[in-house]
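Examination of the molecular architecture
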Amino acid sequence: MRLGTVRVGESRLAAVEREGHWYALEVSASTPLEAVLASGAGRVARLAASATEPIEGAVPVAPLRPGKIVAIGLNYLDHIREAGMDRPERPLMFAKFPSSVIGPGEEIVVDEELTERVDWEVELAVVIGTPLRHADEKEALAGIAGYTVANDVSARDLQFADGQWTRGKNLDTFCPLGPVIVTPDEIDDPQALALRTVVNGETVQDSTTAEMLFGVAELLAYCSRAFTLEPGDVVLTGTPWGCGEFMTPRRSLRPGDVVEVSVEGVGSLRNPVVGRR
């Protein structure tokens, strides 16, 4: 299933997407998609099957409002090589704020008085469906509600100057998510998916989740040993080679650019870049 959230006027509706058309799930308009996903795959499937009336004027937005966003750094072997860094012995975790989330088509805002080195990072994002605490890898996979696409936009100058990553990773609009959440039954193997980033029509990242140092199941199990992953949480699993910061010469996003990130079997997420108004 391909699930998402759409805006109709002032309302946000949980919906299912079929062949480019959106159909409302039969739940209260005040029920967010993350709550629907947490209710179990069986109920979600029944709701999706009963959704037969197309929504007029539906505009896709970020598919959910995460409770927390756990992100993983240096988790692709090809990215580790391009950065010239050592392999982490364990997953390198940091957090992104829910306030950084935007959806498909929304603007990434670059404040050029604050940062001059804004980078792209395509990522497979995992949406949690059931609480995970001290989970093993099998339990972790069973707790996944679905997968979506993320762009872990990063202000590299702030990230490296601060000595830690909180500010550089969390500027408003720096976490595009979407366009949909694809349920696990649609993804045969999360470790065999192509990822790509295209900036202004040029492919700059082109890799596969097979390059992950720590796979999806291992990451979720590792996180759950430290803290509870709750329904509606999102885990960003890292980015492959091709980041602008490590190109020669270095490249950065500028107002007027358009960046599109995609994950095989999930979809593409396209966002224009603008300056601060």
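Before reading on, note that the structure itself is shown above.
Now for a quick tour of the structure.

Rules used in this analysis
- Residue indices follow the written sequence of each chain, beginning from 1 at its first position.
- With the structure being a predicted model, the display of local features is reserved for residues of pLDDT at least 70 and the display and counting of side-chain atom pairs for 80 or more, all residues being used for whole-chain, interface and lining totals.
- Hydrogen atoms and water are omitted, and side-chain values are computed over all heavy atoms in the structure.
- Here, the term nonpolar core denotes a set of buried Ala, Val, Leu, Ile, Met, Phe, Trp, Tyr and Cys residues that are joined through side-chain atoms within 4.5 Å.
- Each residue gets one of three labels from its accessible area relative to the maximum for its type: buried under 20%, exposed over 50%, partly exposed in between, using a 1.4 Å probe on protein chains only.
- Where helices and strands are cited, they refer to DSSP runs of H or I of at least four residues and of E of at least two residues respectively, numbered from the N terminus.
- For this analysis, residues touch if any pair of their heavy atoms sits within 4.5 Å.
- DSSP calls a pair of strands paired once it identifies at least 2 bridges connecting them.
- Axis definition: a line fitted to C-alpha atoms, limited for helices to the stretch in contact. Angles are taken between N-to-C directions and run from 0 to 180 degrees.
- In plain terms, two cysteine sulfur atoms within 2.5 Å form what is called a disulfide here.
- Exposure above 30% relative accessible area and the lack of any salt bridge qualify a residue for a patch; like charges then connect within 9 Å, and the nonpolar side chains Val, Leu, Ile, Met, Phe, Trp and Tyr within 5 Å.
- Computed by Shrake-Rupley with a 1.4 Å probe, the accessible areas treat only the displayed protein chains as cover when residues are assessed.
- By definition, a salt bridge exists where a carboxyl oxygen of Asp or Glu is found within 4 Å of a side-chain nitrogen of Lys or Arg.
- Charged-residue counts in this description rest on Lys and Arg as positive and Asp and Glu as negative, His and the chain ends being excluded.
- Where a charge lies is defined by one atom per residue type, namely NZ (Lys), CZ (Arg), CG (Asp) and CD (Glu).
- Centres within 6.5 Å are what make two rings of Phe, Tyr or Trp a pair, Trp counting through its six-membered ring; a difference in plane orientation under 30 degrees is then read as stacked, over 60 as edge-to-face, and the rest as tilted.
- Note on geometry: a ring has a charge over it if NZ (lysine) or CZ (arginine) is within 6 Å of the ring centre and within 35 degrees of the ring normal.

Here we take up the nonpolar core. If you look at the biggest cluster of nonpolar residues, it comprises 46 residues, and the most contacted ones within it are Leu220, Leu229, Val259 and Val263. Every element with two or more residues in this core is listed here: strand 8 (108-110), strand 10 (122-128), strand 11 (144-151), strand 13 (175-182), strand 14 (194-199), helix 7 (216-226), strand 17 (258-263) and strand 18 (267-275). Here this core gets four residues from one element, more than from any other, and that element is strand 10. Ignoring anything within four residues of it in the chain, the contact list for Leu220 reads Val126, Ile128, Leu132, Ala140, Ile144, Leu229 and Val235.

Now for unusual backbone geometry. The omega torsion of the bond from Gly178 to Pro179 falls at 0°, within 30 degrees of zero and hence cis. If you trace the backbone, Pro179 turns up in strand 13. Cis geometry is adopted by the peptide bond preceding Pro249, which originates at Thr248 and carries an omega value of 0°. With respect to the helices, strands and loops of the structure, Pro249 is situated in the loop between strand 16 (234-236) and strand 17. Even without being a glycine, Glu19 presents a positive backbone phi close to 50°. Among the structural elements, Glu19 can be located in the loop between strand 2 (11-18) and strand 3 (21-24). Despite not being glycine, His134 has its phi angle at roughly 55°, a positive value. One can find His134 in the loop between strand 10 and helix 4 (137-142).

As defined by bridge partners, strand 1 (residues 2-8) adjoins strand 2 across six bridges and the pair is classed as antiparallel. Paired with Val8 across the strands is Ser11, a residue of strand 2. Between strand 2 and strand 3, which pair antiparallel and follow one another directly, the connecting turn spans two residues, one of which, Glu19, has a positive phi of 50°.

Let us now look at the sheet that holds strand 8. If you walk across this open sheet you meet the five strands as 8-18-17-14-15, and the pairing is mixed. Two strands in the sheet have a free side with no partner beyond their single neighbour: strand 8 and strand 15 (202-208). Direction aside, neighbouring strands of the sheet carry axes that sit 20° apart on average. Sheet topology note: the strand 14/strand 15 ladder contains six bridges and is antiparallel. By the bridge assignment, Leu195 is partnered in strand 15 with Ser207.

Another point: the state of the cysteines. Counting across every chain of the model gives zero disulfides. Here Cys223 stays free of any disulfide, with the sulfur of Cys175 as its closest cysteine sulfur at 15 Å. Its relative accessible area of 1% is what places Cys223 among the buried residues.

Taken together, the side chains of Asp136, Glu137, Glu139 and Glu218 make up a negatively charged region of the molecular surface. Checked against the element boundaries, Glu218 lands in helix 7.

Tallied over the full model, the rule gives one aromatic pair. Between Phe94 and Trp165 the ring centres are 5.0 Å apart and the planes differ by 70°, which places this aromatic pair in the edge-to-face class. With Phe94 in strand 6 (residues 92-96) and Trp165 in the loop between helix 5 (156-162) and helix 6 (166-169), the pair connects residues that are 71 residues apart, well separated along the chain. The class of Trp165 is partly exposed, set by a relative accessible area of 25%. Over the face of the ring belonging to Tyr23 we find Arg18, whose NZ or CZ atom lies 4.9 Å from the ring centre.

Turning to its location among the elements, Val109 is positioned in strand 8. With relative accessibility at 28%, the residue Val109 sits in the partly exposed group. When the C-alpha atoms of Val109 and Pro255 are compared, they prove to be 7.9 Å apart, with 146 residues separating the residues in sequence. Setting aside residues no more than four positions away along its own chain, Val109 makes contact with Asp172, Thr173, Phe174, Val274, Gly275 and Arg276.

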